[in-house]
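What the coordinates show
What follows is each chain in one-letter form.
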Amino acid sequence: NNIVRGAALSKTLSVVPLTPLGLPGRDIYISEGCHVCHTQMVRPLDPEIKRNGRPNQEADDIYEFPNLWGSKRTGPDLTNLARKYSDQWHVIHLINPRQVVPTSIMPSYPWLFEQTLTGDNISAKMEVLRMLGVPYTDQEIGDARLQVRGKTKGEALIRYLQSLGKDTSQEVSQ
């Protein structure tokens, strides 16, 4: 059902799948438990829109397997995060959250910038996602390992965070 839905939406919206580096970043987001404290779902309610920006659209999650909406809002909603902070801000925030948000209760994640990725399984992951309807090309899949190899887990997580809310807000004219 996601494949049909994805094909229909991608004809009318500018839906961009995660980059090869964003994919392991999403896995790190899950493995570090970020989804436990942060939601990725701005409901169409005035107070939420005022605080977190535009509400979610169906296309926001079209290539997400599984969806990471979350339900506990210990930390801020991350739906529109890509529109707010630079990569350098994220580096500082992940290494020591209190350096940029003094009242933060988020744990520090300095080791993410010490551990590097091999990229060994990224092509296989992209092949599976393509079977689920994500429109990766043979070229993108073939080049993926080189884009991931040697990058840190922190860089990958930031690439994922910088994708949130960035790719589906514009209607494509027909």
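Residues numbered from 1 in each chain as written. Predicted model: local features only at pLDDT ≥ 70, side-chain atom pairs only at ≥ 80, totals over all residues. Heavy atoms only, no water.

Points about a nonpolar patch on the surface
- On the surface, a cluster of nonpolar side chains totalling about 280 Å² of accessible area is made up of Val128, Met131 and Leu132.
- Inspection of the secondary structure assignment puts Val128 in helix 6 (residues 122-131).
- On the basis of relative accessibility, which here comes to 43%, the residue Val128 falls in the partly exposed class. (Patch = residues over 30% accessible without salt bridge, like charges linked within 9 Å, V, L, I, M, F, W, Y side chains within 5 Å. Areas by Shrake-Rupley, 256 points an atom, 1.4 Å probe, with all protein chains shown as cover. Salt bridge = Lys/Arg side-chain N within 4 Å of Asp/Glu carboxyl O. Helix = DSSP H or I, 4+ residues; strand = E, 2+ residues; numbered from the N terminus. Buried < 20%, exposed > 50% of the residue type's maximum accessible area, 1.4 Å probe, protein only.)

Concerning the packing of helix 6 against helix 7 (residues 138-148)
- Helix 7 packs onto helix 6 with a crossing angle of 145° between their chain directions and a minimal axis gap of 8 Å. Crossing of helix 6 over helix 7 shows right-handed handedness. In this structure, helix 6 contributes Ile122, Ser123, Met126, Glu127 and Arg130 to the contact, and helix 7 contributes Asp138, Glu140, Ile141, Ala144, Arg145 and Val148. (Axes fitted to C-alpha atoms, helices over the stretch in contact; angles between N-to-C directions. Left-handed = near helix turned anticlockwise from the far one by under 90°. Contact = heavy atoms within 4.5 Å.)

Comments concerning helix 6
- For helix 6, every residue scored as buried is listed here: Ile122, Met126 and Leu129. Each buried residue of helix 6 sits inside an arc of 60° when the element is viewed along its axis, so together they form one side.
- Residues of helix 6 that are buried sit in contact with helix 2 (22-31) and helix 7.
- Just beyond helix 6, the residue with positive phi is Gly133, at close to 110°. (Arc of directions from axis to C-beta.)

Comments concerning the side chain of His38
- You can see His38 is positioned in the loop between helix 3 (34-37) and helix 4 (46-52).
- Setting aside residues no more than four positions away along its own chain, His38 makes contact with Tyr29, Trp69, Lys72, Gly75, Pro76, Leu78 and Met106.

Observations regarding the pattern of salt bridges
- Inspection of the entire model under this criterion finds six salt bridges.
- Glu64 is the salt-bridge partner of Arg26, the closest N and O atoms lying 2.5 Å from each other. One end of the pair, Arg26, is in helix 2; the other, Glu64, is in the loop between helix 4 and helix 5 (87-95), with 38 residues separating them in the sequence.
- Look at Arg26 and you get buried, because its relative accessible area is 6%.
- Lys125 is the salt-bridge partner of Asp27, the closest N and O atoms lying 2.7 Å from each other. One end of the pair, Asp27, is in helix 2; the other, Lys125, is in helix 6, with 98 residues separating them in the sequence.
- The partly exposed category is assigned to Asp27, whose relative accessible area is 30%.

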